[in-house]
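One letter stands for each residue in the lines below.
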Amino acid sequence: MKNNLYVARSTAIAARALGDETMVMSASNSTLFTLNEVASVIWEAADGVTPLEQIVANKVCTQYDIAPEVALKNAETLVEGLAEHGILLLSNEPLAQPGSSREEMPR
Amino acid sequence: MPGVTAVKQCSNVVVEIGGLPIRLQCDDPAFVRLIEERYAGFVNSSSNVAFDFEIELAPPGTESGDEDVQVSWESGRWLMERGDFRAEWNPSTARGRIQQTINPYSLDSVLRIVHTLLLAREGGFLLHASSAIRNGRAFLFSGVSGAGKTTIARLAPPDASLLTDEISYVTRLDSRYVAVGTPFFGELGRVGENLKAPIEVLYLLAKGPENKIEPVEGADAVRGLLENILFFARDPEFVRMVFDSACDFAARVPIRRLTFVPDSSVWELIV
């Protein structure tokens, strides 16, 4: 199990929730992804500062009947797959929230 | 000779698609006549134009076989390139230049790209789809090559006005989407009628043993739409605009799967 894994949505994407699903398009290569209901919950909670384990415990296991260790393993597989496509960022340290670096730029 | 400047005589023609007049200038009057014939129904005589393009004709045989279109944004200009043309367009000066051989389909491609880029900023797009107006409402029939776009167009009844059998022009007007006729044709080999109407339904085409219509919703609808939107530029901002437009369109316009037998009975369902 990976401890303290932080996940954040890439800024190089376009995304839209459609019902229980979420569509995500990579802005760099136009690849389209459809996230199912559970993946959408994780995607929505991927703020870069909440550990994945906490997201799974608070957002997934409270809503779905699934063992925490199984849910976390599935979540890790999911986020690693999305990270390979560049639409999610992974780190062992908290990540800046999407858009924060832009806000810090001098005006 | 000092003090003497050679001035090339340029002919020009204004091609207006989707309400956007573009003046095309070329020093070869024969090519300008070719453009006038090719875009008949979409040529106007207005001197009030949105953009100017200067066309330089290259000698035949100078094109390469590269069929991939490259579109990029560089130093305030859009650069467009394929084996048979090179073009640049500066939106801020409203001017552009096209280098191509005398093949009118090269110009066709440049115009498609330019309209794609312009439409994206306004929430519209070009779609691989045939389209027709019936009873004041536009119906779009979308699919990849071989899906039946031209077949549906050929089967259209006399009371239907054909907008295109290949590339549909979709604009957004407030909260509505409107289909506009285009001169971009496919196997049918003739330009569409220069008309427009609110879009009633977008059909995703499939051929099958019987005619039937099924709803397509949510992510499936957006995916089906995005698969058929003309998408040239890989610029991230452009990608986001097109994605948002597709999501908005799918939220406002019914998208359905039309499975059809290729005979005129399919049009009994299109009312």
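Numbering of residues starts from 1 in each chain and follows the order in which that chain's sequence is written. Chains carry letters from A onward and ligands carry numbers from 1 onward, assigned in written order. Thresholds applied to this predicted model are a pLDDT of at least 70 for local features of residues and 80 or more for the giving and counting of side-chain atom pairs; totals over whole chains, interfaces and linings are not thresholded and use all residues.

A. Molecular detail of the overall build of chain B. We count a stretch as a helix when DSSP gives it H or I for four or more residues in a row; a strand needs E for two or more, and each element gets its number in order from the N terminus. For chain B, the count of helices and strands is 5 helices and 16 strands. A compact globule built from 271 residues would reach a C-alpha radius of gyration of about 18 Å, and chain B, at 20 Å, matches this within 12%. Its C-alpha atoms give chain B principal-axis dimensions of roughly 75 × 40 × 35 Å. To sort residues by exposure, count the other C-beta atoms lying within 10 Å of each residue's C-beta; 20 or more gives buried, 12 or fewer gives exposed, and values between give partly exposed, all with C-beta atoms placed from the backbone. Put simply, chain B has 271 residues, and 42% of those count as buried. For chain B, long-range pairs separated by at least 24 residues make up 62% of all intrachain contacts whose partners lie at least 6 apart in sequence. Our radius of gyration looks at C-alpha atoms and nothing else; its globule reference is 2.2 Å times the residue count to the power 0.38. Contacts here follow a simple rule: the backbone-placed C-beta atoms of the two residues must lie within 7 Å.

B. Representation of the sheet that holds strand 1 (residues 6-9) of chain A in the model. Residues and elements named next belong to chain A. A strand pair is defined by DSSP finding two or more bridges across the two strands. The 3 strands lie next to each other as 5-1-6, forming an open sheet whose pairing is antiparallel. Edge positions in the sheet fall to strand 5 (47-51) and strand 6 (88-91), since each has one partner strand and no second. Taking the axes of each pair of neighbouring strands and ignoring which way they run, one obtains an average angle of 25° across the sheet. One ladder, built from 4 bridges, connects strand 1 with strand 6; its direction is antiparallel. When the sheet's bridge partners are listed, Tyr-6 is paired in strand 6 with Ser-91. Throughout, an axis means a line fitted to C-alpha atoms (over the contacting stretch in the case of helices), and angles, computed between N-to-C directions, take values from 0 to 180 degrees. The sheet contacts of helix 3 (residues 68-84) involve strand 1 and strand 6, and relative to strand 6 the element is tilted by about 115°.

C. Highlighting the interface of chain B and chain A. The partner chain A presents 13 residues to the 13 residues of chain B that form the contact. When contributions to the side of chain B that touches chain A are tallied by element, the ones reaching two or more residues are helix 4 (218-226) and helix 5 (236-252) of chain B. Examining the composition of the side of chain B that touches chain A, we find that 6 residues originate from one element, helix 5 of chain B, more than from any other. The nonpolar class holds Ala, Val, Leu, Ile, Met, Phe, Trp, Tyr, Cys and Pro. Asp, Glu, Lys and Arg form the charged class, and all remaining residues, Gly among them, are polar. The class makeup of the residues in the side of chain B that touches chain A is 8 nonpolar, 1 polar and 4 charged.

D. Up close: the confidence of the model for chain B. Values of pLDDT, the confidence the predictor places in each residue, fall between 0 and 100. Averaged over every residue, the pLDDT of chain B is 92; residues scoring 70 or more account for 97%. In the model output, the complex is listed with pTM 0.87 alongside ipTM 0.78.

E. Local environment of the environment of Gly-65 of chain B. Here Gly-65 of chain B is to be found in the loop between strand 4 (51-57) and strand 5 (70-74). As a C-alpha pair, Gly-65 of chain B and Ile-199 of chain B span 134 residues in sequence and 38 Å in three-dimensional space.

F. Structural view of the nonpolar core. Residue and element names in this part refer to chain B. Defined on buried residues, the nonpolar core groups Ala, Val, Leu, Ile, Met, Phe, Trp, Tyr and Cys residues joined through C-beta atoms within 7 Å. By size, the foremost hydrophobic cluster in this structure holds 107 residues, and its most contacted members are Val-110, Leu-140, Ala-179, Val-222, Leu-225, Val-242 and Ala-246. No other element matches helix 5, which puts 9 residues into this core. Ignoring anything within four residues of it in the chain, the contact list for Val-110 reads Met-80, Phe-85, Ala-87 and Ile-98.

G. A look at the sheet that holds strand 3 (residues 21-26) of chain A. All names here are of chain A. Spatial ordering of the open sheet is given by 2-3-4, a layout of 3 strands whose pairing is antiparallel. Here the strands that pair on one side only, and so sit at the sheet edges, are strand 2 (13-18) and strand 4 (32-35). For this sheet, the mean inter-axis angle between neighbouring strands, taken without regard to orientation, is 20°. The sheet contact formed by strand 2 and strand 3 spans 6 bridges and is antiparallel. Bridging from a neighbouring strand, Ala-15 pairs with Val-24 of strand 3. Across the face of the sheet, helix 1 (residues 37-45) comes into contact with strand 2, strand 3 and strand 4 while running at roughly 65° to strand 3.

H. Broad picture of the packing of helix 2 (residues 52-60) of chain A against helix 3 of chain A. Residue and element names in this part refer to chain A. Following both chains from N to C, one finds helix 2 and helix 3 inclined at 120°, their axes separated by 10 Å at the closest point. Comparing the axis directions of helix 2 and helix 3 gives the class oblique. Both helix 2 and helix 3 take part in a crossing whose hand is right-handed. Across from Leu-52, Glu-53, Val-56, Ala-57 and Val-60 in helix 2, the residues of helix 3 making contact are Pro-68, Ala-71, Leu-72, Ala-75, Glu-76 and Val-79. Classifying every residue of the contact of helix 2 with helix 3 gives 9 nonpolar, no polar and 2 charged. We call two directions roughly parallel when the angle between them is under 35 degrees, roughly antiparallel when it is over 145, roughly perpendicular when it lies between 65 and 115, and oblique otherwise. The handedness criterion is simple: a crossing whose near helix is rotated anticlockwise from the far helix by less than a right angle is left-handed, and one whose near helix is rotated clockwise is right-handed.

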